[in-house]
Each structure stands twice: as structure tokens, then as C-alpha cells.
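So you can see what is in the structure, the chains are spelled out below.
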Amino acid sequence: MIQREVIIIFGRTGEGKSTLAKKIIARYNRVVVFDTLHEYHGTVFSDFDSFVDYFQHPDSDFFLVCRFPSPVSFSYAARLLFETQEDILIVLEEADNYLNSVSFNDAYDPFFQIVTRGRHAKISILAITQRPTLIAITLRAMSTRVITFCQTEPGDLDRMEDWGFDPEEVRNLEKFKYLEKTKGGIHDSNDKASPSQHETPKKDILL
Ligand SMILES: Nc1ncnc2c1ncn2[C@@H]1O[C@H](COP(=O)(O)OP(=O)(O)O)[C@@H](O)[C@H]1O
Ligand SMILES: [Mg+2]
């Protein structure tokens, strides 16, 4: 069984965020993607009602792709998952839609609940965004793994500093390379594919 994780991936478009996300997702048997960009393959749901129906008799393993027309449907879906499911990974593309500073103060927001209380149900989150300035910084304390690809906008780099990264290093990352911070320290993508907490951290910046 995989430990419960809250993973955040930052980076400009085209740097390899979704490709890395797909590698991470492959370790999970029960996945729900909020696929606003229509990039994932799986059992596609175009409306919330059919998603509800599915969970009357869900398979034991699944890869569900939600492409709802309205943002509020994603909120309903998050609430349904939080209230009824265990041991799942929820993938949020354009995660700034769901985990921004406004919603992230609201104890009734289902995404807030999943991040702060999802540990009990082993509900993991993989959040992906190009726009670090819009993601609630308070998430930092709850994240188990933070990954950044190259970023160049001054505002975004300042924000990456808030997340514990060296802005110069983030700015100078080559295409498809990333820096990764886990509870064990900071790593880059030249390290072994999946740095474990047992490796010696390159820097002792802890979450
Ligand atoms: N490590 C990699 N090596 C080579 N090509 C890659 C790598 N990661 C991503 N790509 C390619 O780069 C393009 C953009 O990747 P993608 O993951 O969609 O980026 P993003 O989600 O950050 O916009 C895709 O065509 C993808 O196949
Ligand atoms: Mg992408």
C-alpha cells in the first residue's frame, strides 16, 4: 500500500509536468483525474450525474477522467470522493482552480477538507499548475512532495522561494529537468528516478 501523499508540481507549459504526473499516477490503482485540459485517457465522465452513478457500483481498481462543463461539478465530485472513497489518488490539472488562497481558507471547501483531513481515508492529491502565484502558500505545510520545473517570471520565482526553493536554480533548470523537495530534503531530476527519503539530501531544506 502506498502512503498518503500531497504532491504539487509547478512549472511553465511544455516543461514536462503532465508527463511526470503520468509516471507518478502509474503507481496508483484507483485514480480520479480532473482533466480540464482533456489530456488523459481512461473512463471519461462528461457530466456529474454519470459520475455519481458510477459510484453506485465502482470497480475495485479504476482510472476515471472527469471532464465536467462546470467548475461546481468538480467541487461536488471532490465532496463525493471525500465522503465515500478511501485509498484513491485525485489528480488536479490546473490546480489553481481548486487550491487557491480563497478556497483554501474555507473549512467547507471539499478540496480543503481532502488536503487537511484526507489522511484518514488515504486520499492522495497530485496537483499540477503553471501558476504558483495562485496556489495557497498554506498548502506547503501539508504537502509531502513539491516539484518544480523551470520558471522564469519574477513573481513565480519569488513564490518558489516561499516554497523553499532557490529561485536561481529554478530559473536555470534545463527543459524537462526539475527540482524536488520531500520531507527528506531537496533533489534534482538527475538523481535516481524517485529519490527516497533514505538518500542523503543535497540540501537540508525541509518542508
Ligand atoms: N523527460 C522528457 N523527455 C523528453 N520529452 C518530454 C519529457 N517530458 C515531456 N516531454 C514532452 O514534452 C512535451 C510537453 O510535455 P508535457 O508533460 O505535456 O508538459 P506540461 O504538462 O508541463 O505542459 C510533450 O510532447 C512530452 O511528450
Ligand atoms: Mg500539462
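Okay, the overall build of the protein chain next. Along its length, the protein chain carries six helices and nine strands. Expressed as a percentage of its 207 residues, the buried residues of the protein chain come to 36%. For the protein chain, contacts bridging at least 24 residues in sequence account for 65% of all contacts bridging at least 6.

Counting buried positions along strand β5 (residues 88-92) yields five of five residues, so the element is predominantly enclosed. Neither face of β5 is left uncovered, since the one carrying I88, I90 and L92 and the one carrying L89 and V91 both have all their residues buried. Judged from the four bridges that link them, strand β2 (residues 30-34) and β5 form a sheet pairing that is parallel. Paired with V33 across the strands is V91, a residue of β5. In terms of strand pairing, β5 meets strand β6 (residues 123-129) through five bridges, oriented parallel. Within β6, the residue paired with L89 across the bridge is S124.

What follows concerns the pairing of β2. Counting buried positions over the five residues of β2 gives five, a clear majority of the element. Neither face of β2 is exposed, since R30, V32 and F34 on one face and V31 and V33 on the opposite face are all buried. Across five bridges, β2 lies against strand β4 (residues 62-66) in parallel orientation. Opposite V32, over in β4, you have L64 as the bridge partner.

Next up on the list: helix α1 (residues 17-25). Turning to α1, its buried residues number three or more, namely K17, L20 and A21. Looking straight down α1, one finds its buried side chains confined to an arc of 105°; they lie on one side. For α1, the exposed residues lying more than 90 degrees away from the buried face are T19 and K23.

All right, on to helix α4 (residues 110-117) then. All buried positions along α4 are accounted for by P110, F111, F112, I114 and V115. Where α4 is buried, its residues touch β1 (6-10), α3 (71-84), β5 and β6.

We now examine the packing of α3 against α4. α4 packs onto α3 with a crossing angle of 35° between their chain directions and a minimal axis gap of 8 Å. In the packing of α3 onto α4, the handedness of the crossing is left-handed. Where α3 abuts α4, its residues S75, A78, R79 and F82 lie against P110, F111, Q113 and I114.

This part covers unusual backbone geometry. Of note, D87 is a non-glycine position whose phi angle comes to about 60°, a positive value. Along the chain, the position of D87 falls in the loop between α3 and β5. Under the C-beta neighbour-count criterion, D87 is labelled partly exposed, with 14 such atoms within 10 Å. Non-glycine residue K122 carries a positive phi angle of around 50°. By secondary structure assignment, the location of K122 is in the loop between α4 and β6. Given 17 C-beta atoms within a 10 Å radius, K122 is considered partly exposed.

We now examine the confidence of the model for the protein chain. Within the protein chain, residue pLDDT values average 90, and 89% of them lie at 70 or more. Below a pLDDT of 50 lies the segment residues 192-207, which in the model reaches 26 contacts outside its immediate sequence neighbourhood of four places, other chains included.

If you look at the biggest cluster of nonpolar residues, it comprises 50 residues, and the most contacted ones within it are C66, I90, V91, L92, I125 and A127. Once residues within four sequence positions are removed from consideration, V91 is found in contact with A21, I25, V31, V33, F34 and L126.

About the criteria used
Residues numbered from 1 in each chain as written. Chains lettered and ligands numbered in written order. Predicted model: local features only at pLDDT ≥ 70, side-chain atom pairs only at ≥ 80, totals over all residues. Helix = DSSP H or I, 4+ residues; strand = E, 2+ residues; numbered from the N terminus. Buried ≥ 20, exposed ≤ 12 C-beta atoms within 10 Å, placed from the backbone. Contact = placed C-beta atoms within 7 Å. Pairing = 2+ DSSP bridges. Arc of directions from axis to C-beta. Axes fitted to C-alpha atoms, helices over the stretch in contact; angles between N-to-C directions. Left-handed = near helix turned anticlockwise from the far one by under 90°. pLDDT = per-residue confidence, 0-100. Core = buried A, V, L, I, M, F, W, Y, C linked by C-beta atoms within 7 Å.

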